[in-house]
Amino acid sequence: MPARLKPWLHWTSIVPLVAVVLLALTWGRYPGPILLLIEGVFLIGSVLAAVHHAEVVAHRVGEPFGSLVLAVAVAVIEVALIVTLMLSATSDASTLARDTVFSAVMITMNGIVGLSLLVGARRHGLVSFNAEGTGSALATVITLATLTLVLPRFTTSEPGPVFSPAQLTFAAIASLALYGFFVFTQTVRHRDFFLPTAPDGGVLTEDDHAEPPTTAQALNSLGLLLVALVAVVGLTKIESPAIEAGVAALGFPESFVGVVIALLVLLPESIAAVKAARRNRVQTSLNLAYGSAMASIGLTIPTIAVASIWIPGRLALGLEAVHMVLLLLSVVVALLTVIPGRAKTLQGWVHLVLLASFLFLSVTP
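Residues numbered from 1 in each chain as written. Predicted model: local features only at pLDDT ≥ 70, side-chain atom pairs only at ≥ 80, totals over all residues. Heavy atoms only, no water.

Undergrad: Please set out the pattern of salt bridges residue by residue, giving values where relevant.
TA: The full count for this structure, using the stated rule, is three salt bridges. Among the ionic pairs, Asp99 bridges to Arg98, the shortest N-O distance being 3.2 Å. Note on accessibility: Asp99 and Arg98 belong to one class, buried. Arg98 gets classed as buried once you look at its relative accessible area, which sits at 8%. By sharing partners, the salt bridges in this structure join Arg98, Asp99, Arg153 and Glu320 into a single network. (Salt bridge = Lys/Arg side-chain N within 4 Å of Asp/Glu carboxyl O. Buried < 20%, exposed > 50% of the residue type's maximum accessible area, 1.4 Å probe, protein only.)

Undergrad: Describe helix H7 (residues 215–249), and please don't skip the residues or the numbers.
TA: Across its 35 residues, H7 extends 48 Å between first and last C-alpha, which sits within 8% of the 51 Å expected from 1.5 Å per residue. Its maximal kink placed at Glu239, H7 deviates by approximately 45°, while the proline Pro241 follows within four residues. Gly251 sits one or two residues past H7 and shows a positive phi near 80°. (Helix = DSSP H or I, 4+ residues; strand = E, 2+ residues; numbered from the N terminus. Expected span 1.5 Å × (residues − 1). Bend = angle between axes of the 7 residues up to and from the residue.)

Undergrad: An account of unusual backbone geometry is requested, with residue identities and associated values reported.
TA: Despite not being glycine, Asn280 shows a phi value in the positive range, around 65°. Structurally, the position occupied by Asn280 is in the loop between helix H9 (267–278) and helix H10 (282–307).

Undergrad: Tell me about the packing of aromatic side chains, residues and numbers included.
TA: Counted under the stated rule, the structure contains two aromatic pairs. Ring plane angle 80° and centroid distance 5.5 Å describe the contact between Phe102 and Phe358, whose orientation is recorded as edge-to-face. Here Phe358 lies in helix H12 (residues 345–363) and Phe102 lies in helix H4 (residues 96–124), a separation of 256 residues in the sequence. Each of the two residues, Phe102 as well as Phe358, counts as buried. (Phe/Tyr/Trp six-rings, centres within 6.5 Å; stacked < 30°, edge-to-face > 60°.)

Undergrad: So, the confidence of the model for the protein: which residues are in play, and what are the values?
TA: In the predicted model, the protein carries a mean pLDDT of 83, and 90% of its residues have values of at least 70. No element of the protein has a lower mean pLDDT than helix H3 (residues 65–88), which averages 71, and none a higher one than helix H11 (residues 321–338), which averages 95. Between residues 1–5, whose pLDDT stays under 50, and residues either more than four places distant or in other chains, the model counts zero contacts. (pLDDT = per-residue confidence, 0-100. Contact = heavy atoms within 4.5 Å.)

Undergrad: Any chance you could break down the packing of H4 against H10 for me, citing the residues and the numbers?
TA: Packed helices, taken two at a time, are described by the angle between their axes plus the distance between the axes. Relative to each other, H4 and H10 sit at 175°, their axes nearing to 9 Å. What the angle tells us is that H4 and H10 run roughly antiparallel. Counted together, Ala97, Val101, Ala104, Val105, Thr108, Met109, Ile112, Val113, Ser116 and Leu117 of H4 and Val282, Ser285, Leu286, Ala289, Tyr290, Ser292, Ala293, Ser296, Ile297, Thr300, Ile301 and Ile304 of H10 form the full contact between these two elements. In the contact of H4 with H10, the residues fall into 16 nonpolar, six polar and no charged. (Axes fitted to C-alpha atoms, helices over the stretch in contact; angles between N-to-C directions. Parallel < 35°, antiparallel > 145°, perpendicular 65-115°, else oblique. Nonpolar A, V, L, I, M, F, W, Y, C, P; charged D, E, K, R; others polar.)

Listed below in structure tokens is the structure:
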């Protein structure tokens, strides 16, 4: 039996480090097509490596802290990308934050949830989760999304789908506070509501039978997770002109750039959630999905509100009518999915059809 590779020789350690070297060599320049392709490969590799290292950390700290680690990491990527692209944009970027955040909400509420329910139910027949914990997470997502993405369309202090400075300040503070309250509830006050549940309603024991990683291994993975996140943010920034050019070449609306960004940064969450669902831990999958949606709004909007002091132009947050309808439909379906505390494959298909509708209407509005 061959000897196991040392941690530093594993691909999940090598890829992020090479990606950071590539980032340093090409930062501030526009690479040629071949180098862009190579960097794209290492970008995807860094995303997958981030999943691995986040799972190592999550296994060490346990649920629901593990889900929180990855959710916050993804939100950091999203915030960094939005701010960087808005500051360097050559065209109107006033709706980039709205497009990206709303895309993240739709992908998490319908894509990650739908895939997790479908995979889990196909493998185990019927999946169970804690309706009280998941319901409180969903309620927080609904409140954040309505406050930051719907209300700007109806306020009258400023013309257009924008908040006045005072309204934006209030929305930012309220979003950050609500996210903080939820994290306290999830990790301290009512932690049991967010642990994986058994079909009989009991709490499942820790993931798998594998020994948790040592503190040294967890710290090593935490460091490599940060390196991978830096690589993802930096390489996406370098790849962004190619992404924008590709979207334009396909004839898609400019707003589809936000969809691409959200799809990329949520790839780690999606993979981790599906893996958890395969192990019959759909509660972990839902923690990841709704936690990412909350972090996307609760951390992104306050940061963008502060950054808007230096970003020229207005910050348009209000959704268009078709997107508000999709959000309303997603909320209703999510409530009907969460309330029973268990789900079949049908619920997964319903959520995935909603995601497909969002993607299709993003291409052909």
